[in-house]
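Chain residues, written in single-letter form:
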Amino acid sequence: MLNPRNAPVEVFLATAIGAAGAALFVLMGVVQWQVEADASWMRFPVIVAVLGLLASVGLAAGWRPARLTAAFVFGLVALIHLLAVLNQGPVWVRVLSGLLSAAHVFAVVLLNTRPALIHFTGGRR
């Protein structure tokens, strides 16, 4: 396992985006639960948040397959948020989902940079 303290800024930002995005998605579900008085609003955000947090933990731990796994998970989460943007619903949900979608796409781009690739493959910097 690689030393996470030596991780480049790109990996740190992608990890932070994944964790913060998961927390915000659960917060959106909590607000919708309170507005609609229906606890089923929490099920899907919690499942997606667990996937995002697992990917972030893998990035923080420096596991070799974590980069590709996190890129796949973050891309999938970005598509989920994009579907929420295109769906009917409150404007605040659509705007926040658009921002979260853009942030997750940015995290995928960060994971595909050269410093992140070198960090996870163990090459020279």
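## A few points about the UniProt feature "transmembrane region" (unreviewed entry) in the chain
The UniProt feature table records "transmembrane region" (unreviewed entry) at residues 12–35, 41–61, 68–86 and 92–111. Measuring from the first to the last C-alpha atom of residues 12–35 gives 35 Å, for a span that is 100% helix and 0% strand. From the first C-alpha to the last, residues 41–61 spans 31 Å; its make-up is 90% helix and 0% strand.

## A closer look at helix α2 (residues 43–61)
Compared with an ideal rise of 1.5 Å per residue, which puts 19 residues at 27 Å, α2 spans 27 Å between its outermost C-alpha atoms and is within 8% of the ideal. If you check which residues of α2 are buried, you get Pro45, Val48, Ala49, Gly52, Ala55, Ser56, Gly58, Leu59 and Ala61. The secondary structure elements touched by the buried residues of α2 are α1 (9–36), α3 (66–86), α4 (91–111) and α5 (114–121). Residue Gly62 follows α2 closely and has a positive phi angle near 80°.

Calculation notes
- Residues numbered from 1 in each chain as written.
- Predicted model: local features only at pLDDT ≥ 70, side-chain atom pairs only at ≥ 80, totals over all residues.
- Heavy atoms only, no water.
- UniProt positions renumbered as here; feature names shortened; annotations may be inferred.
- Helix = DSSP H or I, 4+ residues; strand = E, 2+ residues; numbered from the N terminus.
- Expected span 1.5 Å × (residues − 1).
- Buried < 20%, exposed > 50% of the residue type's maximum accessible area, 1.4 Å probe, protein only.
- Contact = heavy atoms within 4.5 Å.

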